[in-house]
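Below, each chain spelled out in residue letters.
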Protein chains: 6
Amino acid sequence: MFYHVQSLINPIVDDQPDPSAANALQEGLGGQFGEMRTMMQYLFQSFNFRGDGIPYLDLIQGVGIEEISHVELITKTISRLLDGAPEYHGGKYDVPGAGGDPVMNMAKEQKNVQHFIHGAQGALPVDSAGNPWSGSYVHNHGNLVLDLMDNLVLESTGRLQKCRIYQMSSNKTLRATVAYLIARDEAHEMAFAKALETLGIDWGKALPIPKFDATQFPEVKKLIDAGINREQYTFRLDGSEMGKIFQGSAPANDGTELITLTEPRESFPIPSAPERPEEFAPGLDPEMQDLADALAEFKDKTLKDMERKAGQNP
Amino acid sequence: MFYHVQSLINPIVDDQPDPSAANALQEGLGGQFGEMRTMMQYLFQSFNFRGDGIPYLDLIQGVGIEEISHVELITKTISRLLDGAPEYHGGKYDVPGAGGDPVMNMAKEQKNVQHFIHGAQGALPVDSAGNPWSGSYVHNHGNLVLDLMDNLVLESTGRLQKCRIYQMSSNKTLRATVAYLIARDEAHEMAFAKALETLGIDWGKALPIPKFDATQFPEVKKLIDAGINREQYTFRLDGSEMGKIFQGSAPANDGTELITLTEPRESFPIPSAPERPEEFAPGLDPEMQDLADALAEFKDKTLKDMERKAGQNP
Amino acid sequence: MFYHVQSLINPIVDDQPDPSAANALQEGLGGQFGEMRTMMQYLFQSFNFRGDGIPYLDLIQGVGIEEISHVELITKTISRLLDGAPEYHGGKYDVPGAGGDPVMNMAKEQKNVQHFIHGAQGALPVDSAGNPWSGSYVHNHGNLVLDLMDNLVLESTGRLQKCRIYQMSSNKTLRATVAYLIARDEAHEMAFAKALETLGIDWGKALPIPKFDATQFPEVKKLIDAGINREQYTFRLDGSEMGKIFQGSAPANDGTELITLTEPRESFPIPSAPERPEEFAPGLDPEMQDLADALAEFKDKTLKDMERKAGQNP
Amino acid sequence: MFYHVQSLINPIVDDQPDPSAANALQEGLGGQFGEMRTMMQYLFQSFNFRGDGIPYLDLIQGVGIEEISHVELITKTISRLLDGAPEYHGGKYDVPGAGGDPVMNMAKEQKNVQHFIHGAQGALPVDSAGNPWSGSYVHNHGNLVLDLMDNLVLESTGRLQKCRIYQMSSNKTLRATVAYLIARDEAHEMAFAKALETLGIDWGKALPIPKFDATQFPEVKKLIDAGINREQYTFRLDGSEMGKIFQGSAPANDGTELITLTEPRESFPIPSAPERPEEFAPGLDPEMQDLADALAEFKDKTLKDMERKAGQNP
Amino acid sequence: MFYHVQSLINPIVDDQPDPSAANALQEGLGGQFGEMRTMMQYLFQSFNFRGDGIPYLDLIQGVGIEEISHVELITKTISRLLDGAPEYHGGKYDVPGAGGDPVMNMAKEQKNVQHFIHGAQGALPVDSAGNPWSGSYVHNHGNLVLDLMDNLVLESTGRLQKCRIYQMSSNKTLRATVAYLIARDEAHEMAFAKALETLGIDWGKALPIPKFDATQFPEVKKLIDAGINREQYTFRLDGSEMGKIFQGSAPANDGTELITLTEPRESFPIPSAPERPEEFAPGLDPEMQDLADALAEFKDKTLKDMERKAGQNP
Amino acid sequence: MFYHVQSLINPIVDDQPDPSAANALQEGLGGQFGEMRTMMQYLFQSFNFRGDGIPYLDLIQGVGIEEISHVELITKTISRLLDGAPEYHGGKYDVPGAGGDPVMNMAKEQKNVQHFIHGAQGALPVDSAGNPWSGSYVHNHGNLVLDLMDNLVLESTGRLQKCRIYQMSSNKTLRATVAYLIARDEAHEMAFAKALETLGIDWGKALPIPKFDATQFPEVKKLIDAGINREQYTFRLDGSEMGKIFQGSAPANDGTELITLTEPRESFPIPSAPERPEEFAPGLDPEMQDLADALAEFKDKTLKDMERKAGQNP
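Residues numbered from 1 in each chain as written. Chains lettered and ligands numbered in written order. Predicted model: local features only at pLDDT ≥ 70, side-chain atom pairs only at ≥ 80, totals over all residues. Heavy atoms only, no water.

## So, the nonpolar core
With 575 residues, the main nonpolar core has W203(A), W203(B), W203(C), W203(D), W203(E) and W203(F) as its most contacted residues. Beyond its immediate stretch of four places on either side in the chain, W203(E) contacts M149(A), G200(A), I201(A), W203(A), L152(E), A193(E), L196(E), E197(E), P251(E) and N253(E). (Core = buried A, V, L, I, M, F, W, Y, C linked by side-chain atoms within 4.5 Å. Buried < 20%, exposed > 50% of the residue type's maximum accessible area, 1.4 Å probe, protein only. Contact = heavy atoms within 4.5 Å.)

## What to know about the pattern of salt bridges
Evaluated as defined, the whole model comprises 126 salt bridges over all chains. A salt bridge links K221(A) to D225(A); its shortest N-O distance comes to 2.9 Å. With K221(A) and D225(A) both in helix α7 (residues 218-225), this residue pair falls 4 residues apart, about one helical turn. Taking relative accessible area as the criterion, K221(A) reaches 37% and is therefore assigned partly exposed. Here E279(D) and R164(F) are joined by a salt bridge, their closest N and O atoms 2.9 Å apart. (Salt bridge = Lys/Arg side-chain N within 4 Å of Asp/Glu carboxyl O. Helix = DSSP H or I, 4+ residues; strand = E, 2+ residues; numbered from the N terminus.)

## Observations concerning the relation of the copies chain A and chain F
At an RMSD of 0.0 Å, chain A and chain F line up after a rotation of 120° and a shift of 0.0 Å along the axis. Here the transformation between the copies is reduced to the relation of a three-fold axis. Proximity to the rotation axis, assessed at the C-alpha, singles out N131(A) in chain A; its C-alpha lies 4.0 Å from the axis. (Least-squares fit on C-alpha atoms with pLDDT ≥ 70 in both.)

## Considerations on the interface of chain A and chain B
Every contact between the two is made by 89 residues of chain A and, on the other side, 91 residues of chain B. In this assembly, chain A packs against chain B so that about 8,000 Å² is buried in total across both faces, 60% of it on carbon and sulfur atoms. Its largest share of buried area at the contact with chain B, chain A owes to M1(A), Y3(A) and R50(A), together 14% of the area lost on that side. Inspection of the region where chain A meets chain B yields 2 salt bridges. Across the pair D83(A) and R50(B) runs a salt bridge, and its minimum N-O distance is 2.7 Å. For the pair chain A and chain B, the interface holds 41 residue pairs in polar contact (both at pLDDT 80 or more). Residue assignment for the side of chain A that touches chain B shows that the elements contributing at least two residues are β1 (2-4), β2 (7-8), α2 (35-47), α3 (54-82), α5 (144-168), β5 (257-261) and α8 (286-310) of chain A. Sort the elements by how many residues they give to the side of chain A that touches chain B and α3(A) lands first, with 12 residues. Among the residues forming the side of chain A that touches chain B, the class breakdown is 47 nonpolar, 29 polar and 13 charged. Two strands pair when backbone bridges link them, and β1(A) and strand β1 (residues 2-4) of chain B are joined in this way by 3 bridges, in the antiparallel orientation. (Buried area = accessible area lost by both parts, 1.4 Å probe. Polar contact = N/O pair within 3.5 Å; in protein donor to acceptor, adjacent residues only side chain to side chain. Nonpolar A, V, L, I, M, F, W, Y, C, P; charged D, E, K, R; others polar. Pairing = 2+ DSSP bridges.)

## Some words on the interface of chain A and chain F
With 28 residues of chain A at the interface, the matching set in chain F holds 34 residues. Carbon and sulfur atoms supply 54% of the area buried between chain A and chain F, which totals about 2,400 Å² over both sides. Considering only the side of chain A, the residues that lose the most area to chain F are R164(A), Q167(A) and M168(A), jointly responsible for 32% of the buried surface there. Where chain A packs against chain F, one counts 3 salt bridges. Taking the shortest distance from any N to any O, the salt bridge between D285(F) and K211(A) comes out at 3.3 Å.

## Considering the pairing of β5(A)
Residue and element names in this part refer to chain A. When strand β3 (residues 231-233) meets β5, the two strands line up parallel, connected through 3 bridges. By the bridge assignment, Q232 is partnered in β5 with T260. Looking at chain direction, strand β4 (residues 248-249) and β5 are connected through 2 bridges and run antiparallel. Within β5, the residue paired with S249 across the bridge is E257.

## A few points about the confidence of the model for chain A
Residue and element names in this part refer to chain A. With 88% of its residues at a pLDDT of 70 or more, chain A has an overall mean of 90. For the stretch residues 87-102, pLDDT sits under 50, and the model shows 31 contacts to residues farther than four places along the chain or on other chains. Across the predicted assembly, pTM comes out at 0.94 and ipTM at 0.94. (pLDDT = per-residue confidence, 0-100.)

## Quick word on the sheet that holds β5(A)
Residue and element names in this part refer to chain A. Spatial strand order, β3-β5-β4: 3 strands in an open sheet with mixed pairing. Sheet topology places β3 and β4 at the edges, where each strand pairs with a single neighbour. Of the strands in this sheet, β3, β4 and β5 are in contact with helix α6 (residues 172-197), which crosses β3 at around 85°. (Axes fitted to C-alpha atoms, helices over the stretch in contact; angles between N-to-C directions.)

## Side note on the packing of aromatic side chains
Applying the stated criterion across every chain yields a total of 54 aromatic pairs over all chains. With a centroid separation of 6.0 Å and an interplanar angle of 75°, the aromatic rings of W203(A) and W203(E) are classed as edge-to-face. On the criterion of chain membership, the pair formed by W203(A) in the loop between α6 and α7 and W203(E) in the loop between α6 (172-197) and α7 (218-225) is interchain, its members lying in two chains. Exposure class is identical for W203(A) and W203(E). Each is buried. (Phe/Tyr/Trp six-rings, centres within 6.5 Å; stacked < 30°, edge-to-face > 60°.)

## As for the relation of the copies chain A and chain B
Superposing chain A onto chain B takes a rotation of 180° plus a shift of 0.0 Å along the axis, which leaves an RMSD of 0.0 Å. The superposition operator between the copies reduces to a two-fold rotation axis. Looking at chain A, 100% of its interface residues are interface residues in chain B too, so the copies touch through the same face.

## Topic: a negative patch on the surface
A cluster of acidic residues, D52(A), E287(B), D290(B), D293(B) and E297(B), forms a negative patch on the protein surface. Counting through the fold element by element, D293(B) comes out in helix α8 (residues 286-310). (Patch = residues over 30% accessible without salt bridge, like charges linked within 9 Å, V, L, I, M, F, W, Y side chains within 5 Å. Areas by Shrake-Rupley, 256 points an atom, 1.4 Å probe, with all protein chains shown as cover. Lys, Arg positive; Asp, Glu negative; His and termini not counted. Charge placed at Lys NZ, Arg CZ, Asp CG, Glu CD.)

## Let's talk about helix α6 (residues 172-197) of chain B
Its 26 residues give α6(B) an end-to-end C-alpha distance of 37 Å, which sits within 8% of 38 Å, the value for a rise of 1.5 Å per residue. The opening residue of α6(B) is N171(B), an N-cap whose side-chain oxygen sits 2.8 Å from the backbone nitrogen of T173(B). (Expected span 1.5 Å × (residues − 1).)

## Here's the deal with helix α5 (residues 144-167) of chain B
Taking 1.5 Å per residue as the helical rise, α5(B) with its 24 residues ought to reach 34 Å, and the 35 Å between its terminal C-alpha atoms agrees with that figure. Of all 24 residues that make up α5(B), 24 are buried, and the element is covered over most of its length.

## Thoughts on the packing of α2(A) against α5(A)
Residues and elements named next belong to chain A. Direction vectors running N to C along α2 and α5 enclose 165°, while the axes themselves pass 11 Å from each other. Comparing their axes, α5 and α2 come out roughly antiparallel. Crossing geometry of α2 relative to α5 is assigned as left-handed. Residues E35, R37, T38, Q41, Y42 and Q45 of α2 form the contact with α5, whose own contacting residues are D147, D150, N151, L154, E155 and K162. Of the residues in the contact of α2 with α5, the class split is 2 nonpolar, 4 polar and 6 charged. (Parallel < 35°, antiparallel > 145°, perpendicular 65-115°, else oblique. Left-handed = near helix turned anticlockwise from the far one by under 90°.)

Quick look at the structure:
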């Protein structure tokens, strides 16, 4: 069973909207090597897990749970990059297209116009070429060594693609999230490589993939300095054996050490997203808004009354 | 951010393996109206949510978090239905196909042979016709009323399809899970219909869809008698405003009341899945098994030593 | 603009249900060379038509309009073949699965279980392997000669596949429809080949494709004897220049003549389809049925009153 | 059976070519919520219809027949928006690329270059991101209430997306068609909502979706003033029971009344599309053109002779 | 540039037709981890290769060329398994379905009826669930280490799946081809693992994947005894640097040695496939057959005359 | 079995990078009518060939083998057009994004950003709208006449689309390859049309498709003057009967003659592709580069020693 808190695993940094940056980032969300796949691949592998190798199960599943939070993070980043894009910077209004002015004038020229037609300037479950995510991306072979190697290739590809995307834009909203994912993908490379190391493989100097000094990306450097790329979290409320594998020297063989934690040391508030009247989002007209408000107030009051009498709603 | 406990939201009931039942149930997992879609649709809707209607956000997201646990439940049910199917009932052995005996003799005649080729007798992210799940299934229009109505149609379709699947098999493993999902889909119908009720719609006698007395299915009756179809859970560790909407009379207008809870009243152990040597799952040979065991023992000891000295690993 | 009459282009012949026959026939509906493609391909070609070759436009579009009626015919044939399949022959009841008896006991073993889960024993827009129809099947090159040749290949493939399907079953419901489509596909081969003949190609003895004596199929022979394979219909309420091309000697060079008609010489009643309570189709419970009936009666009466006073509703 | 007249349901208004407007409009044709889906969904629902609720059948099918004409309208609108785009405004010539001048110089920079490679500056069966239309878009659950609600969600999404597209361009060719479809989608919302109203649901003030004053779009206002958004057409040559449902007060509860008509009060000529030599469309060289012309002339004369003697070709 | 000889890389062994074995084997041809993917993945990687690591390029490309011959082998194996299946064992006849006897009586009950409708009892570019092969299967990351690891995972999955398929049938036609591919996939695992070894990775005892004694499969044992699993072929007519990598001790660390050869030590005749009149394959009627024969004879004679005078046609 | 030489069938001509030209050319590689399809379609047709019409088999297969070399040519052309695109012209460096300068600054604005994320500025198996290649494109009907006609339509469409692409850009890299493919597609049209001519069809003046004077494209004229459009190659190392069909007068009926050759009269060197550090391609860091170099040197020397003693490695 799964639980949630309304916090982000990394902060959304503010910058200008940039719809082509949002589109590039879609690859990291709904692409073949994006977060939707890592999430689903590790969940399927752990739900279908066979045998009694509990530490391996807990490792795979722990990473998988984290990936749900990555989907959350990257979705909100894309949404932020699209918000008010390409040129319209907000303000609530009740007359879309008033005076004949096309308020979404440039929308149809953007990389994926479905960001403005299907969604209300929000993330979509598609890749950077607009192809919908496919279940065929999920690999769950059942053979433990092979599943671990497949996961290592997956994380390495994720890291490679994000290093490429990083270079495509200096937008701070994009770079903050991408830098975080580069650091985390490196931690996940360590996780699966370490699991394979326990089964006899010596990685020499091959890791991480791609092999370069990521501290040349300033936003990544800051995270590496904080050790983000050598921690793994269990996100388990009832204990985990992940730490039996994810500890000791990192398989990158660079002198660093692996640390298992229950959860990240810090979490971050989720910024709220403004209404978008030109997208009819959320699209309550005054009459419906009144209904909603009245109900909320009434229930709020009722709830408080009830609680005062009977204790907190469970 | 998301968290996990190693418990199931409903128990797996034991019965014979049945690969065509497993295949039918794939529709409920990876089909267009299955749990992978509900999970993804509600997560996208909540991550992309606009405006300040927090109770609506919390309602959609709360159902979405539950759906991850449904994916977990249905995946494990399919896995169990396939385990040892079609005819082979287990026992560890180290010589697949020894003596020329084709141990997976009937596998190629089953509904989806990929259950035995791609997976190791485990669930796949596909529908009952073998089509991979598609991101195009996820609807997130941005308009609140429309998103709620889309969700209501989705839950109603899920319930309809599961009522059809229920009739296809008397296998207890299948029926236990399907009955639970029928009851929960009804609760979710109530959730989205109630939200629309707060915005002015009166459902009359139209709900639930399909309209029939589900207590005629004995396994469902038991759950309805326990009130499972009128509860909704927030699964939130930090509070939720879901209860402002999900309370009071049910929109089925049948005299029942809605109750918001933090989590289900009960949870259930996750049964472990045996090795499948004929599938090379997990496929560690004695040498690798030794490596894994030794490491585990050593670390186990080390960990205990460290803990004895320094307190529990965080 | 398009119009409709509630008649079929060929009669549905009664026989036992046969879900694997229905599945094979799906290839003729939603397959790459099925009726959904011919319909869409010719409609796109005629809507996008360039230049002043009106007889060519009218020929392509005329065949295209007929294909909508083929989609209608084949959909109803599949629906009929599935009705009550695999073993349940009907009778209205209000307790699906009463007594624990799985009324759709064999459904999950059938070729495409989605016929019983997605649809209510009705046709689906998929092929015989369960793949959804794709817009990529539609070819509209813009070059007239090429479009005509593509259409000729399409009709020939349709005829080839239906000749193969014909041999797969002696079910009369299947054979009546397949035989009709074999005859009509031959007429359509003539249509596109004749159009190419006017542009200079001599087909020698190559047509029709496949080249064999289709009168060996008794149901086809009857239709050929009636001349069905040498007629083409315009289905135009406002005149057509199709007849400028579709007349004279057939390009099969077998001594037959082509005849253009406005519509088929005969049309056939559409059989009604019974309710399927086990599918919750249509699924109105007594209360909703009463509402519907009352309204219908009331309006019926009102309508009659109004008409008596004011003349027929336009 | 289906029939056709060579008229459009709404006029094509003349303006400059605009390939990105054409691409946005593809969403309305081949997108998941576009006209190809509405057409196919309603046709499948009516062909697979079960039970004796003829007014419901006639309502669904009547809307379905109209959708074929919408496919016709939107296809021709896209084709017009592409015609001569991006920069080349016509004139017949016989030397593509003469003098080394790239006549389709900008084509490869446009939103979907397949408009210029696959098609000859014509509409394609794809969405605005270039994904082919999929049969999985068609929902036909078999349960009447659910099918009606699915249709209501579909029409609401169609209307929402078209309201967004409307704001993206002031091109008159685009706006004329989009405005018409906004008005008609509202009529279709009324149709399905009214059918549900007869089964007991009261929509309050929730309709139409999206909820805003569409008369702020001038082209839409004109159509609403003419009542286009409260009429529904049967398009049936042999009578229809649609009017039993589609009459009386509109479910938008705004004091308007619903009116059932056999067909729209007006229809419009189909503009012819010029040749596009740079696309080899239609691509007849002088020799083939002579053959075609000679044949046409000869047959024209023959036909007239025959008619003079024997009466009009049937 | 590519060349061909009409020989097979492994013989087709004769046995009874078996359409479900053919269907299982489709996974090895058109599945996500089948031969079409390996062929395309290695060709793309070698065509897009960057840098001066010629031995790595030659290794990847050499395996890629071999995979084309594997596509040839597996296609012909499937074709053979389908030939005359499910029950019809041949003999040329000219009256398909004569006497009303459905000669393809059982075809519609087989695993993929498209084997009998789309193809003429021949292989299709689809997987064992009938999904068409997708270009998204091809991974070409550009990073050498990652591409090599991806290839290793791919070959390991191929070998795993074929070991599973091997156990599904004792049909000799299937087993001969599958056993050969198991041995070759192991050689390819060695190839990519060895390339990674040169870059610093030590595989310990992890290879091959899956880790078990494949000599328990008798047909595989014979090939391993002949050393087939430790040879790699360049298939290059103009020299190759593959041997710089593929030599020395095998990365399975089992004491075996790797050997680079230009081509396999033996090649095998391609059996011809009989006509299938019930499939209209090839479908020449007597008249067309005469034309073909006459032409062939005439040209045969002419060619011989010309050659006698002028020397062999180049 | 297949063999390879490291030569191209046509030279890569040097010009500026042009990513939108590369994207348009993707249609010719991974599009529905591109080289991946022709290659796969003819290979499947020849592998599944039935009957004793060896000259027809050899003709289809011969063209098929050539298509592999076309995939090689077009892949390398796309790769070249992307190399250093959009604006960055190279030079090896070890600090991607050094100084915060986004070196792939414009990449996210290009037509298909996956060229820079998925691939390392290399070709992808997708079409010009980013859709992955699909196995459903491959048509292999089994009926010889139909397969030949399908192939003729395919080659004609290929030629039509390439004539359109030719006009889109004056880039010499693009035009050299496209012009060659226009000439070769015309040869392939001749091949399949001639095969149909032997079976009785007279093409009159209908060929080639599209019908226009291609010598108006200067690069094509040069190739036609050299006779490239009337030659066909067998690419068979062990003889072929293709020449029985592909000889005599061309079916274009323009007075030209067909000539069968074993291989093209000329072949061309394959240009090497530079490293792309910003893409981490190939991405060996100095340490790994040393390992690779050392090994290569050592083996080089060893190999030479061995050869000096024992003769060339086979």
